[in-house]
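# Analysis of the macromolecular model
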Amino acid sequence: MGDNETVICRCEEITLKEIKETIERYQCSAREVKLRTRAGMGPCGGRTCRCMIDRLVEQLGGPSISNEISLSYRPPVRPVSFGVLGGDVK
Ligand code: FES
């Protein structure tokens, strides 16, 4: 596996080390890793890091992905002006 200081979740700046320690300490699922570390809760909604978190849980013996509620995707957060919402700006 890669360098422990490798950032897995760029949005929340969560490293491989933090995720590995969380999985090993709590024997937790990807969903629990997300809730405990905030990995996957950033502005990209987990699009970048979700697959890596799933694989890390699988490799480190966490609960099987098929046995749990999968991580949810959230659409990316982007500012939208009221003008765009109201249809004044094209
Ligand atoms: S990289 Fe993890 S939420 Fe964006």
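Details of the structure are given in the entry above.
Presented here is an overview of the structure given in this document. Each residue is numbered by its place in its chain's sequence as written, counting from 1. This being a predicted model, a pLDDT of at least 70 is required before a residue's local features are given, and a value of 80 or more before pairs of side-chain atoms are given or counted; all residues contribute to the totals for chains, interfaces and linings. With hydrogens and water set aside, each side-chain value is computed from the structure's full complement of heavy atoms.

## Things to note about the state of the cysteines
Here, the term disulfide refers to a pair of cysteine sulfur atoms separated by no more than 2.5 Å. Here the structure, examined in full by the defined rule, presents zero disulfides. Note on C51: no disulfide assigned, nearest cysteine sulfur contributed by C49 at a separation of 9.1 Å. Judged by its relative accessible area of 47%, C51 is partly exposed. Note on exposure labels: buried denotes an accessible area under 20% of the residue type's maximum, exposed denotes more than 50%, and partly exposed covers the range between, all computed with a 1.4 Å probe on protein chains only.

## A look at the environment of T6
Tracing the backbone shows T6 in the segment before β1 (7-9). The partly exposed category is assigned to T6, whose relative accessible area is 37%. Once the C-alpha coordinates of T6 and K17 are considered, the two residues, 11 residues apart in sequence, prove to be 7.8 Å apart. Apart from residues lying up to four places away in sequence, T6 is in contact with I14, T15 and L16. By the criteria applied, helices consist of DSSP H or I runs no shorter than four residues and strands consist of E runs no shorter than two, each listed in order from the N terminus. Note on contacts: a residue pair qualifies if any of its non-hydrogen atoms lie within 4.5 Å across the two residues.

## Let's talk about the nonpolar core
In these notes, a set of buried Ala, Val, Leu, Ile, Met, Phe, Trp, Tyr and Cys residues joined through side-chain atoms within 4.5 Å is what counts as a nonpolar core. Membership of the largest hydrophobic core comes to 14 residues, with the highest contact counts inside it found for I8, I19, V33 and I53. Those elements that place two or more of their residues in this core are β1, α1 (16-26), α2 (30-37) and α3 (50-59). Excluding its chain neighbours within four sequence positions, the residues that come into contact with I8 are I14, T15, L16, I19, C49, M52, I53 and L56.

## A look at the pattern of salt bridges
Think of a salt bridge as a Lys or Arg side-chain nitrogen and an Asp or Glu carboxyl oxygen that are within 4 Å of each other. Enumeration according to the criterion identifies two salt bridges in this entry. In this structure, the salt-bridge partner of R38 is E12, at a minimum N-O distance of 3.3 Å. With a gap of 26 residues between them, R38 in the loop between α2 and α3 and E12 in the loop between β1 and β2 (14-15) connect regions that are remote in the sequence. Linking R55 and E58 is a salt bridge whose minimum nitrogen-to-oxygen distance equals 2.9 Å. With R55 and E58 both in helix α3, this residue pair falls three residues apart, about one helical turn. According to the relative accessible area criterion, R55 is partly exposed, its value standing at 43%. Note on E58: relative accessible area 49%, which makes it partly exposed.

## Description of a negative patch on the surface
For patch building, the residue pool is restricted to those with more than 30% relative accessible area and no salt bridge; the joining distance is 9 Å between like charges and 5 Å between nonpolar side chains (Val, Leu, Ile, Met, Phe, Trp, Tyr). The accessible surface values rely on the Shrake-Rupley method and a 1.4 Å probe; as for residues, cover is taken only from the protein chains in view. Only four residue types enter the charge count, namely Lys and Arg as positive and Asp and Glu as negative; His and the chain termini do not. A single reference atom marks each charge: NZ on Lys, CZ on Arg, CG on Asp, CD on Glu. Where like charges cluster on the molecular surface, the negative patch consists of D3, E5, E18, E21 and E24. Examined against the element boundaries, E18 turns out to sit in helix α1.

## Comments concerning the packing of α1 against α2
Direction vectors running N to C along α1 and α2 enclose 120°, while the axes themselves pass 10 Å from each other. Between α1 and α2 lies a crossing of right-handed hand. Two secondary-structure elements touch here, α1 through E18, I19, T22, I23 and Y26 and α2 through V33, R36 and T37. Throughout this entry, Asp, Glu, Lys and Arg are counted as charged residues, while Ala, Val, Leu, Ile, Met, Phe, Trp, Tyr, Cys and Pro are counted as nonpolar. The remaining residues, Gly among them, count as polar. Along the lines of polarity and charge, the residues of the contact of α1 with α2 split into four nonpolar, two polar and two charged. Axis lines are fitted to C-alpha atoms, over the contacting stretch for helices. Their N-to-C directions set the angle, which ranges from 0 to 180 degrees. By definition, turning the near helix anticlockwise from the far helix through less than a right angle yields a left-handed crossing, and turning it clockwise yields a right-handed one.

Keep in mind these values describe shape, not function.
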